[in-house]
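Notes for the structure review
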Amino acid sequence: MVKWALYTKYSNENRSYIMSIALSSKAEARAYFMGVKKLNAEQFDQIYQVDLMNESNDNTNKGLLLG
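Presented here is a report on the structure given in the accompanying data block. Remember, it's a predicted structure, so these values are computed and weren't measured experimentally.

Looking at the pattern of salt bridges
In the structure shown here, the tally under the stated rule is 3 salt bridges. The partner of K26 in a salt bridge is D51, and the shortest N-O contact between them spans 4.0 Å. Here K26 is found in helix α1 (residues 26-37), whereas its partner D51 is found in strand β3 (residues 48-52), with 25 residues between them in sequence. The partly exposed category is assigned to K26, whose relative accessible area is 43%. For R30, the salt bridge identified is with D45, shortest N-O distance 2.9 Å. Of this pair, R30 sits in helix α1 while D45 is found in helix α2 (residues 41-47), placing the two residues 15 residues apart along the sequence. A cluster of three or more residues bridged by salt bridges with shared partners is formed by R15, K26 and D51.

Shown next, in the form of structure tokens:
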């Protein structure tokens, strides 16, 4: 399974992360997020987009204060 993320959709390049889910396909993730948001496909596509989530492989557990 891969991790899919839900983002807000804006006309410019800025977007905000909302949540993620581990499912096998983008279609499954989209259907899941549509159910969570209780929107039909047209409404969902106007506001949100679903993309593959890029995860960092750096597991050093660094916090804000590195000292």
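Things to note about the nonpolar core
Counting residues in hydrophobic clusters, the biggest one holds 9 residues: W4, L6, L23, A29, F33, M34, F44, Y48 and V50. Looking at this core, the elements with two or more residues in it are β1 (2-8), α1 and β3. Top contributing element to this core by residue count: α1, with 3 residues. If we skip the residues at most four places from it in the chain, Y48 touches L6, Y7, T8, K9, I18, K37 and L39.

Observations concerning the sheet that holds β3
Strand order in the open sheet formed by 3 strands is β2-β1-β3, with antiparallel pairing between adjacent strands. Edge strands, defined here as strands with exactly one partner in the open sheet, are β2 (17-23) and β3. Between one strand axis and the next, the sheet turns through 25° on average, direction left out of account. The pairing of β1 with β2 spans 6 bridges and is antiparallel. Among the inter-strand pairings, A5 is bridged to a residue of β2, identified as S20. The strands that α1 touches are β1, β2 and β3; relative to β2, the one it contacts most, it runs at about 130°.

Rules used throughout
Residues numbered from 1 in each chain as written. Predicted model: local features only at pLDDT ≥ 70, side-chain atom pairs only at ≥ 80, totals over all residues. Heavy atoms only, no water. Salt bridge = Lys/Arg side-chain N within 4 Å of Asp/Glu carboxyl O. Helix = DSSP H or I, 4+ residues; strand = E, 2+ residues; numbered from the N terminus. Buried < 20%, exposed > 50% of the residue type's maximum accessible area, 1.4 Å probe, protein only. Core = buried A, V, L, I, M, F, W, Y, C linked by side-chain atoms within 4.5 Å. Contact = heavy atoms within 4.5 Å. Pairing = 2+ DSSP bridges. Axes fitted to C-alpha atoms, helices over the stretch in contact; angles between N-to-C directions.

No statement about biological role is implied by the geometric values presented.
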